[in-house]
There are 2 protein chains.
Amino acid sequence: MIIANNDVAETLLKRRQRLAELIDFPVILWSGCATPRNFPANLFPFRVSSHFLYFAGLPLENAAIRLEGGKLELFIDNPHPSSILWHGEMPTREEIAETMGADAAFPMAELGLKSVDAATIAVQDACTYLKQCDILDRAVSEASTPEGIDLKLAQAIASLRLTHDAGALAELRSSAACSVAVHKVGMAATRNAKTEAEVRGAMEGVIIAHNMTCAYGSIVTVHGEVLHNQHYHHPIQPGDLLLADVGAETATGWASDITRTWAVSGKFSSTQRDIYDLVLAAHDACIAKIYPGVEYQDIHLLAAKVIAQGLVDLGILKGNADDLVAMDAHALFFPHGVGHLLGLDVHDMEDLGDLAGYEQGRKRSDRFGLCYLRLNRPLRAGMLVTIEPGFYQVPGILNDSECREKYQDVVNWERLEQFSDVRGIRIEDDVLVTETGSEVLTAELPTDADSIEQMVKNT
Amino acid sequence: MIIANNDVAETLLKRRQRLAELIDFPVILWSGCATPRNFPANLFPFRVSSHFLYFAGLPLENAAIRLEGGKLELFIDNPHPSSILWHGEMPTREEIAETMGADAAFPMAELGLKSVDAATIAVQDACTYLKQCDILDRAVSEASTPEGIDLKLAQAIASLRLTHDAGALAELRSSAACSVAVHKVGMAATRNAKTEAEVRGAMEGVIIAHNMTCAYGSIVTVHGEVLHNQHYHHPIQPGDLLLADVGAETATGWASDITRTWAVSGKFSSTQRDIYDLVLAAHDACIAKIYPGVEYQDIHLLAAKVIAQGLVDLGILKGNADDLVAMDAHALFFPHGVGHLLGLDVHDMEDLGDLAGYEQGRKRSDRFGLCYLRLNRPLRAGMLVTIEPGFYQVPGILNDSECREKYQDVVNWERLEQFSDVRGIRIEDDVLVTETGSEVLTAELPTDADSIEQMVKNT
Ligand SMILES: [Mn+2]
Ligand SMILES: [Mn+2]
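Cut-offs applied
- Residues numbered from 1 in each chain as written.
- Chains lettered and ligands numbered in written order.
- Predicted model: local features only at pLDDT ≥ 70, side-chain atom pairs only at ≥ 80, totals over all residues.
- Heavy atoms only, no water.
- Helix = DSSP H or I, 4+ residues; strand = E, 2+ residues; numbered from the N terminus.
- Rg over C-alpha atoms; globule rule 2.2 N^0.38 Å.
- Buried < 20%, exposed > 50% of the residue type's maximum accessible area, 1.4 Å probe, protein only.
- Contact = heavy atoms within 4.5 Å.
- Areas by Shrake-Rupley, 256 points an atom, 1.4 Å probe, with all protein chains shown as cover.
- Lys, Arg positive; Asp, Glu negative; His and termini not counted.
- Charge placed at Lys NZ, Arg CZ, Asp CG, Glu CD.
- Pairing = 2+ DSSP bridges.
- Axes fitted to C-alpha atoms, helices over the stretch in contact; angles between N-to-C directions.
- Salt bridge = Lys/Arg side-chain N within 4 Å of Asp/Glu carboxyl O.
- Core = buried A, V, L, I, M, F, W, Y, C linked by side-chain atoms within 4.5 Å.
- Donors = N, O, S within 2.8 Å, 3.2 Å for Na, K, Ca; no water.
- UniProt positions renumbered as here; feature names shortened; annotations may be inferred.
- Least-squares fit on C-alpha atoms with pLDDT ≥ 70 in both.
- Phe/Tyr/Trp six-rings, centres within 6.5 Å; stacked < 30°, edge-to-face > 60°.
- Lys NZ or Arg CZ within 6 Å of the ring centre and 35° of its normal.
- Buried area = accessible area lost by both parts, 1.4 Å probe.
- Polar contact = N/O pair within 3.5 Å; in protein donor to acceptor, adjacent residues only side chain to side chain.
- Expected span 1.5 Å × (residues − 1).
- Parallel < 35°, antiparallel > 145°, perpendicular 65-115°, else oblique.
- Left-handed = near helix turned anticlockwise from the far one by under 90°.
- Nonpolar A, V, L, I, M, F, W, Y, C, P; charged D, E, K, R; others polar.

Caption draft 1: Region of the structure containing the overall build of chain A. Counting secondary structure elements, chain A contains 15 helices and 16 strands. A globule of 459 residues ought to have a C-alpha radius of gyration of about 23 Å, and chain A, at 24 Å, matches this closely. For chain A, the spread of C-alpha atoms along the principal axes amounts to about 70 × 50 × 40 Å. The buried share among the 459 residues of chain A stands at 58%. Taking the intrachain contacts of chain A between residues at least 6 apart in sequence as the baseline, contacts between residues at least 24 apart amount to 72%. Here chain A displays about 17,700 Å² of accessible surface, and carbon together with sulfur accounts for 51% of that area. Within chain A, one finds 38 positive and 64 negative side-chain charges whose respective centroids are separated by 2 Å.

This is the structure we're talking about:
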């Protein structure tokens, strides 16, 4: 899905006009620069700063924009004439300025002249960060701890980026559609794969074929109990579950984030299916509850309660679901938050710490069952969030002596042993809050166990 | 191909013993740290410093090694207990030290106590670079301009890394074998692909499936005349040539680098085949000439001469091949060097500038036909080099008014127009210099036009 250029310019104009309604000081945002991988000419694929992308729309390297009163000035150097040999004809400053609808465009060297009293947000690469401090001629705090006008700017940008406009949604639907295709290919590739890496290769190959990038480091593992597992060397065996958390990002940076868990053999064991259906019930209950005004933490607690009740029904936990959630017993098996904001970043605006994820004045809980919750705000139409409940048997939690003692009486450890073939299950979709409830952007990818089995077997 | 751990330790021991024969001061090498992509928890895939990898053998993050008199001390912190939840059980400092055969192992905090008078090489990431200056308590020059003991160290390491030991060769063969498979899949995928991106997806999917990484940004393009083209959005059409320069790197960092050019339709046009066969003739002549003691620049000039003569035979150039090369007329169509060192980096040790590529005392020529040559040394057994002649119609060169005037009389511009369907062709293999000549590590992938056509058609 391509947005016509005049639509891009129109979208960008509206974004900076809305920003101008919130703040009355000039803003300079830097795009960042590519980082060498092992020598200066061999670079990591460049990822532009998301705040720059939001207002500039184009993945430009070594560029800056200045925003004031709804006006956009672009700062970028023209490509060096000799670069034609290596990189071909590249658009000029004026062509780029026209595409983005800039009001004026200058070489980078002129940025210093226009930097007085400007606010900014620190970019992630150290090289550009030093330039920011130099050109603004002051200390710039890290993005996660902005101060003064930088803090006001971060709050203003967060309030804009919290909900998505039509331009953003077109891109978000496009990355979601790619990720749906990615997971279908992953399931189909499993039957003939011998390792996690082979399934990952099939999946990421689809992202590359769409001319998109991975929005984050893929998780493709038979050890789903390791939450951020980024190893892919394990052989995959017929009795294993394979957990795949893989998402694409469009060329202009808009992300998607899908997790599915399937049986390598194509058929869940009865214990795997019991837990799968329980995680799916939590997933469905959370999505059904999404509505403007609902507190996201309540959705998290709903997932916790559905999981706690289901584990009671399966004989793994003992007691009343509300009591179990109150004592964080669900977090023995579901130790992370039920989801997060999604947008230009897979954890949208996490560079700002909890400034975007948490309503002003709220702080992370130190409760075991709440401390990993990345989003704690009332939902608003136009927000995009993930819903991703899970069940994991994490040895570091379940074998921890303090944990075992604290939860000694509420876990039936013998019954739990019968579920040893369920190391980790997560089901994750991308859900847009709408005026009337929600729309699952990733709904084309089935979640029910029968369909999942079918997709793995149909090879 | 996996090297048993005791072999790794043995290989690493020999490398540091050889280093100790060359220098008599202590050395500290840092591994580097991962760089945030858009927020601190979303990182670029980490690539360890190659000099660290050469002596440490393992892709460790946030680590350092101290080498002195053939002894190895490892500095690394144990994983934080809480990281088990997210990253699973990770090896301890002692386990890592045992794998690499370290003589001692310490937490990072103790590195400062052992840093007196140590030499180092600046790593590429700014964050670690600042730590290097801080811990050594002095200015450290960029890797491309080392000074004092750092320069002596760079020279000593370069002299070791110029030729490859058995441990390195096992890895280099492994990445070469993967890249051969990658190109076969790329050719087979072309017939059903509609864009460059789809072919790239198929190719890089194979690298990922082997649990390897791309050694460099892939080039997969119907615009091979853009030498470092890293766009993949063009549709591919039956009359196009597709140039693919894609290479894998093993988990411990050893690279490969293959280019093939094929007809999208599976059948070269007669003009495409004429030029293809000419580039192949240069490729074959260069490989046949590789022998210990031969000057690599002479191999480059041989490629230039074969191409010049071939273009005379095709009526594109006019005159005598030697004269044409002397006036750099070949460089109108073959503007880059015939190859480079290959090892832990795809342009091996290019972080050191020309220190490794150029024999001491030699400098880059400013001749149009020689200035891009990355390697200018007599060959030695154990060196691995690429051989990658090419033919390109670069508009920036051929339409340049100075160029057209200078070469007015030696180019038959009308005849050249008949070859307009040949925008770019390159054929690249990885060639090990042996005692008796050479061994092509990538020889499993055919180069002749008939075989290439067959591989594209056999879909
Ligand atoms: Mn997620
Ligand atoms: Mn090369």
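Caption draft 2: Examining the sheet that holds strand S6 (residues 104-106) of chain B more closely. Residues and elements named next belong to chain B. Taking strand neighbours across the sheet as the criterion, the four strands line up as S1-S4-S5-S6 in an open arrangement whose pairing is mixed. At either end of the open sheet lies a strand with only one pairing partner, and these are strand S1 (27-30) and S6. Along the sheet, successive strands turn relative to each other by an average axial angle of 20 degrees, direction set aside.

Caption draft 3: Structural context of the pattern of salt bridges. What the rule picks out here adds up to 48 salt bridges over all chains. The partner of Arg37 of chain B in a salt bridge is Glu249 of chain A, and the shortest N-O contact between them spans 3.1 Å. With one member in each of two chains, Arg37 of chain B in strand S2 (residues 36-39) and Glu249 of chain A in strand S10 (residues 248-249) form a pair that bridges those chains. Comparing Arg37 of chain B with Glu249 of chain A shows no difference in burial state: the two are buried. A salt bridge links Asp240 of chain B to Arg423 of chain B, with the shortest nitrogen-to-oxygen separation between them at 3.2 Å. Of this pair, Asp240 of chain B sits in the loop between strand S8 (219-221) and strand S9 (241-246) while Arg423 of chain B sits in the loop between helix H14 (413-417) and strand S14 (424-426), and the two are 183 residues apart along the sequence.

Caption draft 4: Representation of the nonpolar core within the structure. Among the nonpolar cores identified, the biggest contains 157 residues, and Leu19, Leu153 and Ile275 of chain A are the most heavily contacted of them. Residues within four places of Leu19 of chain A in sequence aside, it is in contact with Val27, Phe55, Leu67, Leu153, Ala156, Ile157 and Leu160 of chain A. With 143 residues, the next largest nonpolar core counts Ala158, Ala248, Phe268 and Tyr392 of chain B among its residues.

Caption draft 5: Seen up close, the coordination of the manganese ion (ligand 1). Residues and elements named next belong to chain A. Every protein donor of the manganese ion (ligand 1) is accounted for by Asp257 (OD), His340 (NE2), Glu388 (OE) and Glu428 (OE), and the metal-donor separations fall at 2.0 to 2.4 Å. Of note, the donors binding the manganese ion (ligand 1) are all from one chain and are spaced D-x82-H-x47-E-x39-E. One end of the pair, Asp257, is in the loop between S10 and strand S11 (258-263); the other, Glu388, is in the loop between strand S12 (384-387) and strand S13 (390-392), and 131 residues separate them in sequence. The pair formed by Asp257 and Glu388 is uniform in burial state, with each residue classed as buried.

Caption draft 6: Inspection of the UniProt feature "domain: Aminopeptidase P N-terminal" (unreviewed entry) in chain A at higher detail. In the UniProt entry, the feature "domain: Aminopeptidase P N-terminal" (unreviewed entry) is given for residues 7-134 of chain A. Structurally, residues 7-134 of chain A is divided into 35% helix and 18% strand, and its ends, taken at the C-alpha atoms, are 35 Å apart.

Caption draft 7: Main features of the relation of the copies chain B and chain A. The transform that puts chain B on chain A rotates by 180 degrees and translates by 0.0 Å along the axis, for an RMSD of 0.0 Å. Expressed as a symmetry operation, the mapping of one chain copy onto the other fits a two-fold axis. Ranked by how close their C-alpha atoms come to the rotation axis, the residues of chain B are headed by Gly205 of chain B, at 2.2 Å. Most of the interface of chain B is mirrored in chain A: 100% of its interface residues are interface residues there too.

Caption draft 8: Fine view of the coordination of the manganese ion (ligand 2). All names here are of chain B. Taken together, Asp257 (OD), His340 (NE2), Glu388 (OE) and Glu428 (OE) make up the full set of protein donors to the manganese ion (ligand 2), lying 2.0 to 2.4 Å away. Within one chain, the residues serving as donors to the manganese ion (ligand 2) are arranged as D-x82-H-x47-E-x39-E. In this structure Glu388 comes out as buried when scored by relative accessible area, which is 8%.

Caption draft 9: Layout of the packing of aromatic side chains. Inspection of the entire model under this criterion finds 13 aromatic pairs over all chains. Relative to Phe391 of chain A, the ring of Phe333 of chain A lies with its centre 5.2 Å away and its plane at 5 degrees, an arrangement referred to as stacked. Residue Phe333 of chain A is located in the loop between helix H11 (321-326) and S12, and its partner Phe391 of chain A is located in strand S13; the two are separated by 58 residues in the primary sequence. Comparing Phe333 of chain A with Phe391 of chain A, the two get one shared label, buried. Aromatic pair Tyr372 of chain A and Trp86 of chain B: ring centres 4.9 Å apart, planes at 80 degrees, arrangement edge-to-face. Highlighted residues: Tyr372 of chain A in the loop between H11 and S12 and Trp86 of chain B in helix H3 (residues 83-87), drawn from two different chains. The class of Tyr372 of chain A is partly exposed, set by a relative accessible area of 27%. Stacked on the ring of Tyr232 of chain A, the Lys or Arg Arg200 of chain A has its end atom at 4.0 Å from the ring centre.

Caption draft 10: Geometry of the interface of chain B and chain A. Contacts between chain B and chain A engage 54 residues on the former and 54 residues on the latter. When chain B packs against chain A, the two sides together hide about 4,400 Å² of surface, and 63% of this comes from carbon and sulfur. Ranking the residues of chain B by area buried against chain A places Arg37, Leu85 and Trp86 of chain B at the top, with a combined share of 18%. Seen at the junction of chain B and chain A, the total is ten residue pairs in polar contact (both at pLDDT 80 or more). Of all the secondary structure elements, the ones that give two or more residues to the side of chain B that touches chain A are S2, H3, helix H8 (196-209), strand S7 (213-214) and helix H12 (395-398) of chain B. The element contributing the most residues to the side of chain B that touches chain A is H8 of chain B, with eight residues.

Caption draft 11: A look at helix H6 (residues 148-161) of chain B. Given a rise of 1.5 Å per residue, 14 residues ought to cover 20 Å, and the 20 Å separating the end C-alpha atoms of H6 of chain B matches this to within 8%. For H6 of chain B, the complete set of buried residues consists of Asp150, Leu153, Ala154, Ala156, Ile157, Ala158, Leu160 and Arg161 of chain B.

Caption draft 12: Local environment of helix H9 (residues 270-289) of chain B. In a regular helix each residue adds 1.5 Å, so 20 residues correspond to 28 Å; H9 of chain B covers 29 Å between its end C-alpha atoms and thus fits that length. Where H9 of chain B is concerned, the buried positions are Thr271, Gln272, Ile275, Tyr276, Leu278, Val279, Leu280, Ala282, His283, Cys286 and Ile287 of chain B.

Caption draft 13: The arrangement of the packing of helix H8 (residues 196-209) of chain A against H8 of chain B in detail. Packing of H8 of chain A against H8 of chain B brings their axes to within 7 Å, and their N-to-C directions diverge by 160 degrees. By the angle class used here, H8 of chain A and H8 of chain B are roughly antiparallel. Note that H8 of chain A runs across H8 of chain B; the crossing there is right-handed. Where H8 of chain A approaches H8 of chain B, its residues Ala197, Glu198, Arg200, Gly201, Glu204, Gly205, Ile208 and Ala209 of chain A are matched on the opposing element by Ala197, Glu198, Arg200, Gly201, Glu204, Gly205, Ile208 and Ala209 of chain B. Its residues assigned to classes, the contact of H8 of chain A with H8 of chain B shows six nonpolar, four polar and six charged.

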